[in-house]
Amino acid sequence: MKCRIDKKSCKVFLNFGKMPIANGFLRKDFKKKEYFFNLEVAFNERLSLFQLSRNPSPQKMFNKHYPFYTSSSKNMIKHFKNTAKWIKKKYLKKKSNVLEIGSNDGTFLKNFKKEFSLGFEPSKSVHLIAKKRKVNSFNFFFNKKNLKLLNIKHKFYDLVYGANVFCHIPNQVDLIKTIDKVLSKNGTIIFEEPYLGSMYKKISYDQIYDEHIYMFSIASIEKIYKLFGFTLIDAAPLKTHGGSMRYILKRGNVLKKSKRLKNLINIEKKYKVNSFKGCLMFKRKVELSKNKLLKKIKHIISKKERICGYGATSKSTTILNYCNIDNKIIDCIFDTTKDKIGKLSPGMHIPIEDYKKFKNSTYKYVFLFAWNHRKEILKKEKNKNIKWFTHLN
Ligand code: SAH
Ligand code: TYD
């Protein structure tokens, strides 16, 4: 296949098979044939870029039914509050203007004055919540076409921010060129995304699903943005979403880069995060992980125990469909999200139940799909008799 950015050859190396839309929860009485695509991964060595070979259209994924709400995690609300505070102190002045891409239910922008901030959010479900919270949210995809349509001021924004969204955007060339249009001369781009290095370390292959079209690394971000005249000046590892990386970029050829960035680049080289060798090592480990998980589940079932899941994450769609774990193996998945409760999980059709019922249930073995929220969930569900497990341990 051809790389999505430089349009030259790219090595396909890992195939997860037939996959549904990761956040495509189905009504129990669904009639329309479920959509599937082939989830396959490729690597471009020139840009060190890990990417999906194909993806469903963004409109299929991000629409009025999109069920992921940033505010479903208290820790994430706190995280975005702290992030806003840090950004204001380090990069903004009193009257600086902020633009957020993928502002979802407004959790991050809520920390900024309405008149100095703007969010682009194509999914109507979450956009309406942001509006209710008095956040300045536009129900549009962030791209060059919509910029023209909306008459957005050029070179106006001192900060362009995004979290867990840059990797969702298939056309990175359009994305970066559009940012270039709106960002002020001395402006800053900051974004944080699930990190390839963390995925390699944990073998958290469930980070790979339709929305995550790219799994970025520092090497890839540095190379891609250089093509468009931006310099990566700093990066910071984050614990959120099971291991993310925050990237900080400026216009032009900035020579001063942080010491931390230089260290992180060396670590990426050491663990082959920047090269195809890393992909092949990861592939082998993913296959071993699948076998180990299926053995574990077989063992539990052999003891005549029943299993439920906790956290109907989009990530779980990859595990369940790749390992072919269906509603005969996992009875149900407990979750807090109103839009998911009462529905069926994509592909494997496992019922989603209200988390409030979990306390009185008798499951001994619980697959923690929202393993990235472990602390927050275990604090809430203190039952000592439960054996929580994941595909990671
Ligand atoms: N930033 C939030 C939401 C992440 S989920 C957080 O970190 O919790 C990704 C969000 O980006 C979704 O709400 C989705 O609708 C939105 N999105 C996807 N493609 C987009 C695009 N091209 N422009 C703007 N937002 C987009
Ligand atoms: P998350 O891991 O944040 O994202 P993704 O869907 O992108 O993998 O998903 C969190 C899911 O877990 C969401 O459906 C809400 C649910 N959840 C709970 O049920 N209880 C909790 O305490 C938390 C934090 C999340």
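The rules behind these values
Residues numbered from 1 in each chain as written. Chains lettered and ligands numbered in written order. Predicted model: local features only at pLDDT ≥ 70, side-chain atom pairs only at ≥ 80, totals over all residues. Heavy atoms only, no water. Domains from an automatic or database assignment. Contact = heavy atoms within 4.5 Å. Buried area = accessible area lost by both parts, 1.4 Å probe. Polar contact = N/O pair within 3.5 Å; in protein donor to acceptor, adjacent residues only side chain to side chain. Helix = DSSP H or I, 4+ residues; strand = E, 2+ residues; numbered from the N terminus. Nonpolar A, V, L, I, M, F, W, Y, C, P; charged D, E, K, R; others polar. Near = heavy atom within 4 Å. Areas by Shrake-Rupley, 256 points an atom, 1.4 Å probe, with all protein chains shown as cover. Buried < 20%, exposed > 50% of the residue type's maximum accessible area, 1.4 Å probe, protein only. Pairing = 2+ DSSP bridges. Axes fitted to C-alpha atoms, helices over the stretch in contact; angles between N-to-C directions. Phe/Tyr/Trp six-rings, centres within 6.5 Å; stacked < 30°, edge-to-face > 60°. Lys NZ or Arg CZ within 6 Å of the ring centre and 35° of its normal. Right-handed = clockwise from strand over helix to strand, strands pointing away. Salt bridge = Lys/Arg side-chain N within 4 Å of Asp/Glu carboxyl O.

1. Some details on the domain arrangement of the protein
Then, in step 1: Here the protein is described as being made up of domain 1 (60-277) and domain 2 (303-389).
Then, in step 2: The centre of domain 1, based on its C-alpha atoms, is set 29 Å off from the matching centre of domain 2.
Then, in step 3: Every contact between the two is made by 17 residues of domain 1 and, on the other side, 13 residues of domain 2.
Then, in step 4: Taken over both partners, the interface formed by domain 1 and domain 2 buries close to 1300 Å², and the fraction arising from carbon and sulfur atoms is 56%.
Then, in step 5: On the surface where domain 1 and domain 2 come into contact, there are eight residue pairs in polar contact (both at pLDDT 80 or more).
Then, in step 6: By residue number, the principal contributor to the side of domain 1 that touches domain 2 is helix α2 (residues 74-91), which donates three residues.
Then, in step 7: Class assignment of the residues belonging to the side of domain 1 that touches domain 2 gives a composition of seven nonpolar, seven polar and three charged.

2. A word on the site of ligand 1
Then, in step 1: As a matter of local geometry, ligand 1 sits amid 20 residues, with Thr70, Glu121, Ser123, Ala163 and Asn164 nearest to it.
Then, in step 2: With respect to ligand 1, the side chain of Glu121 contributes an N or O atom lying 2.6 Å from an oxygen atom.
Then, in step 3: The contact in question runs from an oxygen atom of ligand 1 to an N or O atom on the side chain of Asn164, over 2.8 Å.
Then, in step 4: In isolation ligand 1 has 570 Å² of accessible area, and contact with the protein removes 97% of it.

3. What about unusual backbone geometry?
For residues besides glycine, phi is generally negative; the peptide bonds are generally trans as well.
Then, in step 1: The residue Asn104 is not glycine, and still its phi comes out positive at about 50°.
Then, in step 2: Its place among the elements puts Asn104 in the loop between β5 (98-101) and β6 (117-120).
Then, in step 3: Even without a glycine there, the phi angle at Lys155 is positive, about 50°.
Then, in step 4: Mapped onto the elements, Lys155 comes out in the loop between α4 (144-150) and β8 (157-163).
Then, in step 5: When its relative accessible area of 45% is taken as the criterion, Lys155 is described as partly exposed.

4. Focus: the sheet that holds strand β1 (residues 11-19)
Then, in step 1: If you trace the four strands from one edge of the open sheet to the other, you get β1-β3-β4-β10, paired in antiparallel fashion. The open sheet terminates on both sides in strands that have one partner only, identified here as β1 and β10 (214-215).
Then, in step 2: Strand direction decides the pairing type here: strand β4 (residues 49-52) and β10, joined by two bridges, are antiparallel. When the sheet's bridge partners are listed, Phe50 is paired in β10 with Met215.
Then, in step 3: Helix α9 (residues 276-302) rests against β1, β3 (37-44) and β4 of the sheet, and its axis sits at about 35° to β1.

5. Re the packing of aromatic side chains
Then, in step 1: Considering all chains together, one arrives at 31 aromatic pairs under this definition.
Then, in step 2: With a centroid separation of 5.2 Å and an interplanar angle of 40°, the aromatic rings of Phe191 and Tyr247 are classed as tilted. Remark: Tyr247 occurs in strand β12 (residues 244-251) and Phe191 occurs in strand β9 (residues 183-194); sequence separation between them is 56 residues.
Then, in step 3: For Phe191, a relative accessible area of 0% gives the class buried.
Then, in step 4: Taking NZ or CZ as reference, Lys18 lies 4.2 Å from the ring centre of Phe36, over its face.
Then, in step 5: Looking at Lys290, its charged tip hangs above the ring of Tyr322, at a distance of 4.3 Å from the centre.

6. A few points about the pairing of strand β14 (residues 330-335)
Along a regular strand, successive side chains alternate from one face of the sheet to the other.
Then, in step 1: With five of six residues buried, β14 lies mostly within the body of the structure.
Then, in step 2: Sheet topology places strand β13 (residues 307-310) next to β14; three bridges connect them, and they run parallel. From the neighbouring strand, Ile307 faces β14, where its bridge partner is Ile330.
Then, in step 3: In this fold, the crossover linking β13 to β14 by way of helix α10 (residues 314-322) has right-handed handedness.
Then, in step 4: Note that β14 and strand β16 (residues 352-354) share three bridges and pair parallel. The residue bridging Ile333 from the neighbouring strand is Ile352, located in β16.

7. As for the pattern of salt bridges
Pairing is possible between side chains that carry opposite charge, provided their charged atoms lie close to one another.
Then, in step 1: Taken as a whole and judged by the stated rule, the model has 16 salt bridges.
Then, in step 2: Between Arg46 and Asp6 there is a salt bridge, with the nearest N and O atoms lying 2.8 Å from each other. Here Arg46 is found in the loop between β3 and β4, whereas its partner Asp6 is found in the segment before β1, with 40 residues between them in sequence.
Then, in step 3: For Arg46, a relative accessible area of 36% puts it in the partly exposed group.
Then, in step 4: For Glu381, the salt bridge identified is with Lys359, shortest N-O distance 3.6 Å. Here Lys359 lies in the loop between β16 and β17 (365-368) and Glu381 lies in the loop between α11 (374-380) and β18 (387-389), a separation of 22 residues in the sequence.
Then, in step 5: On the accessibility criterion, Lys359 (52% relative accessible area) is exposed.
Then, in step 6: In the salt-bridge network here, residues are joined through shared partners; they are Lys155, Asp180 and Arg251.

8. Describing the site of ligand 2
Then, in step 1: For ligand 2, the set of nearby residues contains 21 residues, the closest of which are Lys315, Asp335, Lys340, His373 and Lys380.
Then, in step 2: At 2.7 Å from an oxygen atom of ligand 2 is found a side-chain nitrogen or oxygen belonging to Asp335.
Then, in step 3: Compared with its free state, where it exposes 560 Å², ligand 2 has 96% of that area covered by protein.
Then, in step 4: If you list the elements that add at least two residues to the shell around ligand 2, you get α10 and α11.
Then, in step 5: Sort the elements by how many residues they give to the shell around ligand 2 and α11 lands first, with three residues.
Then, in step 6: Class assignment of the residues belonging to the shell around ligand 2 gives a composition of six nonpolar, 10 polar and five charged.
Then, in step 7: Taken domain by domain, the shell around ligand 2 gets at least three of its residues from each of domain 1 (60-277) and domain 2 (303-389).

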